[in-house]
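# Inside the fold
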Amino acid sequence: MRNEKMILSAFLLPGGYDWRAWRLPGSRSEELGQFEIIAEIAQAYERAKLDSIFIADIISAAPLLEGDVKMGSPYEPVTALSALASVTSRIGLIGTVSTTFNHPFTVARQLGALDVLSGGRAGWNIVTSSRAEENYGIEMPAKEVRYRRALEFVDVVKQLWTSWSDKAVINDRENGRWVDPELIRLIDHEGEFFKVAGFINQRRSPQGHPVLVQAGQSSGGLNLGAEVAEAIYTAQPQREKAIEYYADYKANIQSKGRNPNHTKILPGLIPYVGMTEDEARDVQNSLARFVDFDALRADLATQYGLKLDDVDLDDRIPEERFEGKNDDNAGTRFMAYRHLAVEEKYTLREILINRSSVGGHLMLSGTPSKIADRMIDWFENRACDGFSLNAPAIPQSVTQICELLIPELQERGYFRTEYEGETLREHLGLPIPPAWDV
Ligand SMILES: Cc1cc2nc3c(=O)[nH]c(=O)nc-3n(C[C@H](O)[C@H](O)[C@H](O)COP(=O)(O)O)c2cc1C
């Protein structure tokens, strides 16, 4: 048995991970974009002692208009997490912020403030974004440029976050000095994309600075992750490939001179949990009637350039449609669909249902004990350090995860029964990044 516990973070998608889940009676979809629903979900995950919740961001209503209520869910991560910080006390709060459409000084202040205000619970999912340029009046920079900018962006943000010594606040009432200016560093950064003098008006948080998270799958994305990330989100539906990915990623981190134990790999998992196999299938069965094959075909064309209008739903996608693509230029999710079509001989209908329900992630359906067996097998065999849990339907899947699956993992000794630390870094077993003067 591994020494450390499994890490469990939860994707906060209040419409449900399944594309169609918001359409189920009782889904609370009328509340999307409002506070109470996300507060209740975050509190349920905190009662279950999860490491963190995570809010994704697409920065555009385009997915919503295309019928994707799941990813179009209208929460701006920093504001939503700031509100959640006040109704939770221990769970980590990870938000997505794009390095393509922001400035590092602003991001350092906003996420740094969330970190201080939440008592050291913030995390930053660093993305370079794949759309939304129209909202900023710019042409989308090439992927390679986006990742170069991201590297410099993160470097500037980290410099700002470490520019206050832990001893900078002296609070000297007698001599009228709240900070010691000698202990706050001017970063004086000048690079290809940014010119930032620093001083930032922000004290250090109890965990030093927010945890850096990353999910890029191309070579630029993997490089950024290996350089800076402390947690990695990834879509890995196949166990053997996940083991390979884990080993390669950790080796890559080591080759950058970093400690591979300080980057946690968390593949996505969609659990359909029930006390019996039939009960576990309830949600999937009730979703079956909502599947919208036309919208899903259009989505595959938009996201991956896979044009499938001429393919019958009960036929297989011809192998040549996948030619010329690989993990690097098309992403691991695209390659997962290739695997399903070519090796697993899925029909187009089955692939579209997979897209709709699990989005290329690992899906496990069954009793808590059966799902826990598989999770533990992945964890023990170093296919992962834990999982990014995606509740397929809201609210029922959150209850099933928290009241059935988590207790099973706790009973078997794989998940904490109480928070031991206060900060997200403590939950994840990550070191505090030192301030500039250490
Ligand atoms: C679990 C997971 C969550 C992600 N969340 C976001 C997100 O919130 N916003 C976003 O723009 N991209 C998100 N992405 C996409 C990645 O940042 C990345 O763009 C994608 O995996 C393709 O990799 P590449 O950019 O290196 O080609 C996510 C990816 C994964 C696997």
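In what follows, the structure referred to is the one given above.
Below or above, wherever it landed, is the structure these notes cover. (Residues numbered from 1 in each chain as written. Predicted model: local features only at pLDDT ≥ 70, side-chain atom pairs only at ≥ 80, totals over all residues. Heavy atoms only, no water.)

### Looking at the site of the ligand
The local shell around the ligand holds 15 residues, among which D57, K143, Y147, Q217 and S218 are the closest. Between the ligand and the protein, one listed contact pairs an oxygen atom with a side-chain N or O atom of Y147 at 2.7 Å. When the ligand sits alone it has 610 Å² of accessible area, and the protein chains cover 86% of it. Those elements that provide at least two residues to the shell around the ligand are β4 (122-127) and α5 (143-161). Residue composition of the shell around the ligand, grouped by class: five nonpolar, seven polar and three charged. (Near = heavy atom within 4 Å. Polar contact = N/O pair within 3.5 Å; in protein donor to acceptor, adjacent residues only side chain to side chain. Areas by Shrake-Rupley, 256 points an atom, 1.4 Å probe, with all protein chains shown as cover. Helix = DSSP H or I, 4+ residues; strand = E, 2+ residues; numbered from the N terminus. Nonpolar A, V, L, I, M, F, W, Y, C, P; charged D, E, K, R; others polar.)

### Examining the packing of helix α3 (residues 77-85) against helix α4 (residues 104-117)
Taken N-terminus to C-terminus, the directions of α3 and α4 make an angle of 15°; their axes are 10 Å apart at the nearest point. By the angle between their directions, the pair α3 and α4 is classed as roughly parallel. Along this stretch, α3 crosses α4, giving a crossing that reads as left-handed. In this structure, α3 contributes V78, L81, S82 and A85 to the contact, and α4 contributes Q110, L111 and L114. Its residues assigned to classes, the contact of α3 with α4 comprises five nonpolar, two polar and no charged. (Axes fitted to C-alpha atoms, helices over the stretch in contact; angles between N-to-C directions. Parallel < 35°, antiparallel > 145°, perpendicular 65-115°, else oblique. Left-handed = near helix turned anticlockwise from the far one by under 90°. Contact = heavy atoms within 4.5 Å.)

### Points about the pattern of salt bridges
A full pass over the atoms with the stated rule returns 26 salt bridges. Of the charged contacts in the structure, one is a salt bridge between R321 and D310, with a shortest N-O distance of 2.7 Å. Of this pair, R321 sits in the loop between α9 (293-304) and α10 (327-330) while D310 sits in the loop between α9 and α10; the two residues are 11 residues apart in sequence, bridging distant segments of the chain. Take D310: its relative accessible area is 56%, and that puts it in the exposed class. Between R338 and E319 there is a salt bridge, with its nearest N and O atoms 3.2 Å apart. Of the two residues, R338 sits in helix α11 (residues 332-343) while E319 sits in the loop between α9 and α10, which places them 19 residues apart along the sequence. You can call R338 partly exposed: its relative accessible area is 22%. (Salt bridge = Lys/Arg side-chain N within 4 Å of Asp/Glu carboxyl O. Buried < 20%, exposed > 50% of the residue type's maximum accessible area, 1.4 Å probe, protein only.)

### Here we look at the packing of aromatic side chains
Scanning all chains against the criterion turns up 14 aromatic pairs. Seen in terms of ring centroids, F11 and Y17 are 6.1 Å apart; in terms of plane orientation they differ by 50°. Their pairing is tilted. According to the relative accessible area criterion, F11 is buried, its value standing at 11%. Considering the side-chain rings of W124 and F153, the 5.9 Å spacing of their centres and the 50° angle between planes classify their relative orientation as tilted. Of this pair, W124 sits in strand β4 while F153 sits in helix α5, and the two are 29 residues apart along the sequence. For the residue pair W124 and F153, the accessibility class agrees, reading buried in each case. Feature note: the residues W124, F153, W161, F193 and F194 constitute an aromatic cluster, connected by ring pairs. R2 extends its terminal NZ or CZ atom over the ring of F379, reaching a point 4.2 Å from the ring centre. (Phe/Tyr/Trp six-rings, centres within 6.5 Å; stacked < 30°, edge-to-face > 60°. Lys NZ or Arg CZ within 6 Å of the ring centre and 35° of its normal.)

### Topic: unusual backbone geometry
Between I394 and the following residue, P395, the backbone shows a cis peptide bond with an omega angle of 5°. Mapped onto the elements, P395 comes out in the loop between β13 (386-389) and α14 (396-411). Backbone geometry at S129 places phi at a positive 65°, although glycine is not the residue there. Residue placement: S129 occurs in the loop between β4 and α5. S129 gets classed as buried once you look at its relative accessible area, which sits at 13%. Unusually for a residue other than glycine, R382 sits at a positive phi of about 50°. Its place among the elements puts R382 in the loop between α13 (368-380) and β13.

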